[in-house]
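Geometric and topological summary
Chain residues, written in single-letter form:
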Amino acid sequence: MAIDAISGLQSVGQSAYDSGGIADNFDAFLQILTTQLQNQNPLDPLDTNQFTQQLVQFADVEQSIKSNKNLEALIQMSAASTATAATSFIGKKVMIQSVTQTLENSRAEWSYYAGGAADGASFTVRDEAGNIVWTETKDIAAGRNSYVWNGRDDSGNIVPDGKYTLAVEGTDTDGNPVEVHVEVAVTIDGIDFSGPEPVLLVGDEGVPLSQVRAVLGI
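Residues numbered from 1 in each chain as written. Predicted model: local features only at pLDDT ≥ 70, side-chain atom pairs only at ≥ 80, totals over all residues. Heavy atoms only, no water.

Turning our eyes to something else, we now look at the sheet that holds strand E5 (residues 132-140). In spatial order, the strands read E2-E7-E4-E5; together these four strands make up an open sheet with antiparallel pairing. In this open sheet, the two edge strands, each paired with only one partner strand, are strand E2 (100-103) and E5. Direction aside, neighbouring strands of the sheet carry axes that sit 30 degrees apart on average. Inspection of the sheet shows E2 paired to strand E7 (residues 162-169) by four bridges, in the antiparallel sense. Pairing of Leu103 across the sheet is with Gly162, part of E7. (Pairing = 2+ DSSP bridges. Helix = DSSP H or I, 4+ residues; strand = E, 2+ residues; numbered from the N terminus. Axes fitted to C-alpha atoms, helices over the stretch in contact; angles between N-to-C directions.)

Attention shifts here to the nonpolar core. Among the nonpolar cores identified, the biggest contains 31 residues, and Trp110, Phe123, Ile140, Trp149, Tyr164 and Leu166 are the most heavily contacted of them. Excluding residues within four positions of it along the chain, Trp149 makes contact with Leu103, Ser106, Arg107, Ala108, Trp110, Val125, Val133, Trp134, Val159 and Tyr164. (Core = buried A, V, L, I, M, F, W, Y, C linked by side-chain atoms within 4.5 Å. Buried < 20%, exposed > 50% of the residue type's maximum accessible area, 1.4 Å probe, protein only. Contact = heavy atoms within 4.5 Å.)

The tally for this structure, following the rule as stated, stands at three salt bridges. A salt bridge links Glu109 to Arg107; the shortest N-O distance between them is 3.3 Å. What makes Glu109 partly exposed here is its relative accessible area of 33%. The exposure class assigned to Arg107 is partly exposed, which follows from its relative accessible area of 45%. (Salt bridge = Lys/Arg side-chain N within 4 Å of Asp/Glu carboxyl O.)

Here we take up the sheet that holds strand E10 (residues 199-202). As summarised here, the arrangement of the three strands in space is E9-E10-E11, forming an open sheet in which the pairing is antiparallel. Lying at the two open borders of the sheet, with one neighbouring strand each, are strand E9 (190-192) and strand E11 (205-208). Pairwise comparison of adjacent strand axes, ignoring direction, gives a mean angle of 40 degrees for this sheet. The pairing of E10 with E11 spans four bridges and is antiparallel. Its bridge partner lying in E11, Leu200 is registered against Val207.

Here is the structure:
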């Protein structure tokens, strides 16, 4: 996609400027004028104002065509800019909105952003099959916080490494639900340009740019 967007700029932009207009092509103007005069009724010649109006309408249509072509060029430039920006994420650690994290060596860490403080919020960890393996309650503060799970279930048994999800739910002092967004830190391995927008690659999984919440660095 990046290659198509960049290479397409020259052809699209060039066609927008190569389209000759009435003011730029005197021969075309004379041909239109001559043809108009040759085909008019000598007894009822074309009104000057009407002729001028036709020329203005012709110029308006031509201007619309040029505007569309220039818009295409801007779209191509925007796509190229997005593709270039996406490549800067390669090798960087970023925070993305996701509830899924990998448990490795009995450790998994999530980040979550709470819209407000909550007393006794519930933390629920589920396995890939959706089964609850761990629950606990704890107070949370407003803003971004981290949560580390030691890979043990509610019975204290060590669970196997793999993919697990975290859900955080809590209410404020008035009993209203507190909005909580769960996030995870990942390292970007590459970029996929095959779709309509660049997709960041984390291993064999794709992450849309819209899911990136923060860039943490290398």
